[in-house]
Structures are given as C-alpha cells and as structure tokens.
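# Structural overview for review
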Amino acid sequence: MRFQPFWFDEAITQADIEAAASAPHHGALDTQVCIIGGGFTGLWTAITLKKQKPELNIAIIEKDLCGQGASGRNGGAMLTWSSKFASLIKEFGLEQACFLVRQSEQAVHDIKAFTSKHGIECDCRIDGTYYTASNHSQRNAFGPITTLLDQHQLNVWQTLTKAQLQATGSNANLAGIYSPHGGSVQPAKLVRGLMKVAKALGVKVFEHTRYLKHQGQDTLTITTDKGEIRANQLVFAVNAWLPSLLPQFSRSVVLVSSDMAITTPAPEKLAAMRLNHGAPVIDARIFVNYYRTTSSGRLMLGKGGNYFSFNNQVRDTFHRASRYQAILERSFSHFFAHHQLEIDRTWTGPSDRSVSGIPFFGHLNGQANVFYGSGYSGNGVVQSYLGGQILASLLLNQHNDWRHCALVNQTLKQFPVEPFRTAGALMVRNAIRRKESAEDNNMPPHKLDVWLSKLSGSAAKLDPNVKQEYIK
Ligand SMILES: Cc1cc2nc3c(=O)[nH]c(=O)nc-3n(C[C@H](O)[C@H](O)[C@H](O)COP(=O)(O)OP(=O)(O)OC[C@H]3O[C@@H](n4cnc5c(N)ncnc54)[C@H](O)[C@@H]3O)c2cc1C
C-alpha cells in the first residue's frame, strides 16, 4: 500500500485490505441512494438514513478504502462552532448562529454516545477543549467572542487561572479558555467503525470504486470505473475532490494543507506535563498550532495553512510525509522545548476552505435528487455528523430544522480565479508567517503584514474580528 498517514495505518488491518481487494464489484446495481465518498460525511449520511428508513437501499462508492480521505488522517480534534459564533451571525443571522452553535456542542456528546453504543473503539475522549494565547499578541483574542456568546446565554467558556493553564502542558500558553464540549478521537478508527456500522445496517459499501460521471433526471445512471449503477438519488460526499468532480465549485473552496506530526509513545513524560487527557489545545493565531494526546501516550501536533494546491487539485504531495517538517519542529519547540519528545511520523492532507469558513450543502444545479456537502474548512470531525443529519433530511425531504437550516442551498461566495487565487493565497500566507513569527519573538509585525493577514478572513479556528456591532 502507498504511504499512509499515521492514524489510518494504525486503524487498518491486512485483513481489511485483502477483504476490500477481493470484494465483489457492484455489477449491474439498482439502488435508491448512491453516495460517493466513504468518509465521515458519506457514512454519517448513510447511517442516519438507515436509522430513519431501514428499508432504503443505499450504496456507498469509495475510490480508495473508506477513511483514506480527510476522515482517516485529520487531527481528531472534536471542536464546536462556538468559537465561530461571530462568523455564523455574519453569514446567517443570530437565530441560525445560536442554533448551529448549540447543535455542534450537542453533536460532540452524540458522537461519543454513538461510539459507545456501537462498540467503536476509537479512543474518543470528551475532555473538553482549550484555546490558548501562545504569545502576548494573542492575549486579548478571547474577550470579544466570549462576551458575544455571554450576551446570548451561549457562553460555556471558562477563563483559565494560572494553575488551570498547566493542564495545557506548555509554559508557552500565557492565557486561555476552556469549554467542556469537545475532545479528541482516533479519526481513522472512527471512520472504519462507522463503515462497519453502516454495513451492519444493510448499506452496501464498494471500496476501490471510482465515480466517473452521472446522467439522467428521475433515474440517474452513475458510471464508475467498475460499471454502471442506477439510482434515484445521488450524494457527493467527496470533500476535497468536489472542485475536480464538479467544476462549478472550483472557486467555492481553496485546498490548503494541514500538516501533522506525532511523537513516539512517552506516557510518563506526558503525565508529568499534565497532558494525560483528551482535550485538544489550540492557539489563537490564524495558522493555528493545535495538539492533543492519545491514550497510548503519544502527542500529535498539527499546523494549518502551508501548501496551497494550484487549481484545487488533490495532488500526490497530499499523500506523502509532510514537506513542512521544519515548521512542525519549530512549533514543537515553541510549546515543548525542554521535553525531548521524538517525532515518529509526519503526514499531511487537504482541507477544503470555503470563503466563510463554514460548510455548505444543497441540491446540485437545483436538481431535486442530486445533493452535495462540503467546505468544512478544517472543522469537520464533529460538523460532518451534522452534515449527515442535513443530507439525510434533504434526501428524505423532511421539513425539519436541518432541511431548512441556513447551511442548505447557500449562495456561495467565490475565491478569485487562478492564477490570482494561489498567488494571492501565497502572498497572504507569507505575510501571516512573518507576522506570527514577529509576534512569537515579541517584536512588532510590519504594518503591511498585519494588513495582508486580515485578508485571510475566516481562516482561524477562533473568530479574530468580532464586529463591535454584534456586541450590545
Ligand atoms: C490534515 C487534516 C487535518 C484535519 N484536522 C481536523 C481536526 O483536527 N478537527 C476537525 O474537526 N477537522 C479536521 N479536519 C477536517 C476533517 O477531517 C474533514 O472536514 C472531514 O474528515 C470531512 O469528511 P468527508 O467525509 O466530507 O471527507 P473525506 O473523508 O475526505 O471523504 C471524501 C471521500 O471521497 C472519496 N472520493 C473522492 N473522489 C471520489 C470518486 N471520484 N469516487 C469515489 N470516491 C471518491 C475520497 O477518497 C474520500 O475518501 C482536518 C482535515 C485534514 C485534511
């Protein structure tokens, strides 16, 4: 098998590989629902549909093995939308923003309950989330968003005392806030577990099967590299591959890498650092540093905003070790300089950043029986569970809160065309790097870099610019 990210490698067995290689092809299949993509979105959609309508025939086609996309290689940080409350208000208004924040918080606990009920062993630990200031310039990052949440009775964040801050395991964290809604998971074990649950519910899963094209209106003919499938409804749950498959989305997202490193097991060291919990720690910069531990005593650190893929192609560079090891090592030393942790592996993957930083779902070209869901913008572990609810409501045409929520059939804002998109993204990326490096060294950043950084919009995990007009 080609290079595998750490989590997927840990989750997959030789038996899984052989079973997928020798599984029968779909043949001349007639099904009610065909889902393209065997990641979190496709699998949660199938499971939600089956739980509500067990008699529905559902097939999932996945070009590789289920979980070989973003779902089996992400940071496994289970985050809510509470830190994006201002962005949600800006995009969708207050009522929808409150709804989405509450639902994302509940989803964390729903996922945990689901894994427990179905015996999915995926190291799912709901120990909360920390956002921290990892240099002086970030110290005031939390006030505006927590004040805004407070005013709408949504604030679950507690300001950390110096003693509580020690639970983040690093003296680089100068201040921080904590929410009990959040945690971490071994994402590849979760996605492989979801696949098994889906199969047990009667969903037909065809791995190593690539969607090529589809045609038709009421009855759709889907052409794959193994033949044809006839279906009444079709779902694109393909995440980073959406712009290559459906060019109308080519300007709706930017594919940017998140790069990850994981240490060899060092449970005693982590315990001594007070890092023997499952809460992710995320700093308040635009290109976040985030880290979390595993129950086996490894420490994983991730960093967003490195490689921008020209023309939004999922290139081979996403299927190798990270080319940004030096940046990852710098982040490790920023947080853990004195702990002599040894990096075991690095990997990377494409995040599908939308202009708003929020995902989108809907009917493709207004066609009633073809659906899409994408644009999680690096916040998808919890949100793809909600994506599954949304897509299932759309497919079943249910008149519920999900069917009518603001994430459905949005008018999507567009990034510039190429080559301006990538050129602009690199210019802004480099300005952010210079600004954040200056701030880490307690130096004033160049004014031009500060100005250019603001063009990154909603790229941070914590809303950086909470408009005063939102705060009463
Ligand atoms: C490196 C990285 C780190 C991240 N870290 C975090 C994090 O810590 N917390 C968080 O909340 N989110 C994180 N995310 C985001 C999160 O992983 C994603 O939002 C989420 O996994 C999306 O799930 P999905 O099912 O939509 O996409 P995927 O898991 O990518 O599934 C899409 C599937 O479609 C398949 N596919 C594509 N084209 C075809 C085709 N033609 N035919 C058949 N199948 C096809 C792909 O092979 C893939 O398996 C991260 C993402 C990356 C890349």
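From a predicted model like this one, the values you see are computed outputs, not experimental measurements. Every chain is numbered independently, its residues counted from 1 as its sequence is written. It should be noted that, the model being predicted, local features are given only for residues of pLDDT at least 70 and side-chain atom pairs only at 80 or more, the latter also being counted only at that level, while totals for whole chains, interfaces and linings use all residues.

A run of DSSP states H or I qualifies as a helix once it reaches four residues; a run of E qualifies as a strand once it reaches two. Both are numbered from the N-terminal end. Helix and strand counts for the protein chain stand at 14 helices and 18 strands. Computed over the C-alpha atoms, the radius of gyration of the protein chain is 21 Å, within 12% of the 23 Å expected from 2.2 N^0.38 for a compact globule of 472 residues. Projected onto the principal axes, the alpha-carbon positions of the protein chain cover approximately 65 × 50 × 45 Å. Residue burial is a threshold on neighbouring C-beta atoms within 10 Å of the residue's own C-beta, all placed from the backbone, with 20 or more meaning buried, 12 or fewer meaning exposed, and counts in between meaning partly exposed. Split into buried and exposed, the 472 residues of the protein chain put 54% on the buried side. Here contacts are defined at the residue level, using C-beta atoms placed from the backbone and a cut-off of 7 Å between them. The long-range share in the protein chain, meaning contacts at least 24 apart out of those at least 6 apart in sequence, stands at 76%. Between the two quantities, the radius of gyration covers C-alpha atoms and the globule rule is 2.2 Å times the number of residues to the power 0.38.

What follows concerns the site of the ligand. Every one of the 42 residues lining the ligand counts as a neighbour, but Gly39, Gly69, Gly75, Gly349 and Gly380 are closest to it. Contributions of two or more residues to the shell around the ligand are made by helix H3 (40-52), strand E12 (253-263) and strand E16 (343-354). Residue composition of the shell around the ligand, grouped by class: 17 nonpolar, 20 polar and five charged. Using the backbone to place each C-beta atom, any residue with that atom within 6 Å of a molecule or strand is considered near it. Classification convention: Asp, Glu, Lys, Arg as charged; Ala, Val, Leu, Ile, Met, Phe, Trp, Tyr, Cys, Pro as nonpolar; all other residues, Gly among them, as polar.

This part is about the packing of H3 against helix H8 (residues 187-200). Simply put, an axis is a line fit to the C-alpha atoms, just over the touching stretch for a helix, and the angle between two N-to-C directions goes from 0 to 180 degrees. Following both chains from N to C, one finds H3 and H8 inclined at 30 degrees, their axes separated by 10 Å at the closest point. Looking at the two axes, H3 sits roughly parallel to H8. As H3 runs across H8, the sense of the crossing is left-handed. Side by side, H3 and H8 meet where Phe40, Leu43, Trp44, Ala46 and Ile47 of the first sit next to Val191, Leu194, Met195, Val197 and Ala198 of the second. The residue inventory of the contact of H3 with H8, partitioned by class, reads ten nonpolar, no polar and no charged. Any angle that is under 35 degrees is reported as roughly parallel, and any over 145 degrees as roughly antiparallel; angles of 65 to 115 degrees are reported as roughly perpendicular and all others as oblique. Left-handed describes a crossing whose near helix is turned anticlockwise from the far helix by less than a right angle; the clockwise case is right-handed.

This paragraph deals with the pairing of strand E17 (residues 360-363). Working note: regular strand, side chains alternate between the two faces of the sheet. Only strands that DSSP links by at least two bridges are regarded as paired with each other. When E17 meets strand E18 (residues 370-374), the two strands line up antiparallel, connected through four bridges. Counterpart to Gly362 in the pairing with E18 is Tyr372.

Another point: the environment of Glu342. Locating Glu342 in the fold gives a position in the loop between helix H11 (325-336) and E16. Spatially, the C-alpha atoms of Glu342 and Thr263 are 5.3 Å apart, while their sequence positions differ by 79 residues. Non-local contacts of Glu342, meaning those with residues more than four positions away in its chain, are made with Thr263 and Thr264.

Given a helix with a known number of residues, its expected span is that number minus one, times 1.5 Å. When the terminal C-alpha atoms of helix H5 (residues 94-117) are compared, their 34 Å separation across 24 residues agrees well with the 34 Å that a helix rising 1.5 Å per residue should span. For H5, the complete set of buried residues consists of Ala97, Leu100, Val101, Gln103, Ser104, Glu105, Ala107, Val108, Ile111 and Thr115. Buried residues belonging to H5 abut strand E3 (77-78), helix H4 (85-92), strand E7 (183-184), H8 and helix H12 (383-395). Immediately beyond the C-terminal end of H5, within one or two residues, lies Gly119, with a positive phi of roughly 60 degrees.

On to the UniProt feature "domain: FAD dependent oxidoreductase" (unreviewed entry) in the protein chain, then. UniProt positions are given in the numbering used here, feature names are shortened, and annotations may be inferred rather than shown by experiment. Mapped onto this numbering, the UniProt entry annotates "domain: FAD dependent oxidoreductase" (unreviewed entry) at residues 33-394. Within residues 33-394, the helical portion is 29% and the strand portion 27%, while the C-alpha atoms at the span's ends are 12 Å from each other.

Let us look at unusual backbone geometry. Residue Pro419 follows Glu418 across a cis peptide bond; omega there is 5 degrees. Mapping Pro419 onto the fold places it in the loop between H12 and helix H13 (420-440). Residue Asn312 is not a glycine yet carries a positive backbone phi of 55 degrees. Of note, Asn312 is situated in the loop between strand E15 (299-308) and H11. Among the residues examined, Asn312 registers 27 C-beta atoms within 10 Å and is labelled buried.

Across the eight residues of H4, six count as buried, placing the element largely inside the fold. All of the buried residues in H4 are Phe85, Ala86, Ser87, Leu88, Ile89 and Glu91. Looking at the buried side of H4, the elements it contacts are H5 and helix H6 (143-151). Within two residues after H4, Gly93 carries a phi angle of roughly 90 degrees, on the positive side.

In this section: the sheet that holds E15. Read from one edge to the other, the open sheet built from eight strands follows the order E5-E6-E4-E13-E14-E15-E12-E16, with strand pairing classed as mixed. Edge positions in the open sheet fall to strand E5 (158-159) and E16, since each of these has one partner strand only. Taken together, the two bridges between E5 and strand E6 (residues 175-179) define a ladder with antiparallel strand orientation. By the bridge assignment, Thr159 is partnered in E6 with Ile177. Packed onto the sheet, H11 meets E12, strand E14 (289-293), E15 and E16 and runs at close to 135 degrees relative to E15.

Another point: the packing of H13 against helix H14 (residues 447-454). One way to put it is that H13 packs onto H14 with a least axis distance of 8 Å and a crossing angle of 125 degrees. On the basis of the axis angle, H13 is oblique to H14. The way H13 lies across H14 gives a crossing that is left-handed. When H13 is examined against H14, the residues Met427, Val428, Ala431, Ile432, Arg434 and Lys435 are found in contact with a partner set consisting of Asp449, Val450, Leu452 and Ser453. Along the lines of polarity and charge, the residues of the contact of H13 with H14 split into six nonpolar, one polar and three charged.

Take the pairing of strand E4 (residues 129-133) next. Among the five residues of E4, five are classified as buried, and the element is accordingly described as predominantly covered. Taken together, the five bridges between E4 and E6 define a ladder with antiparallel strand orientation. Its bridge partner lying in E6, Tyr131 is registered against Ile177. Pairing between E4 and strand E13 (residues 281-283): three bridges, direction parallel. Bridged to Thr132 within E13 is Asp283.

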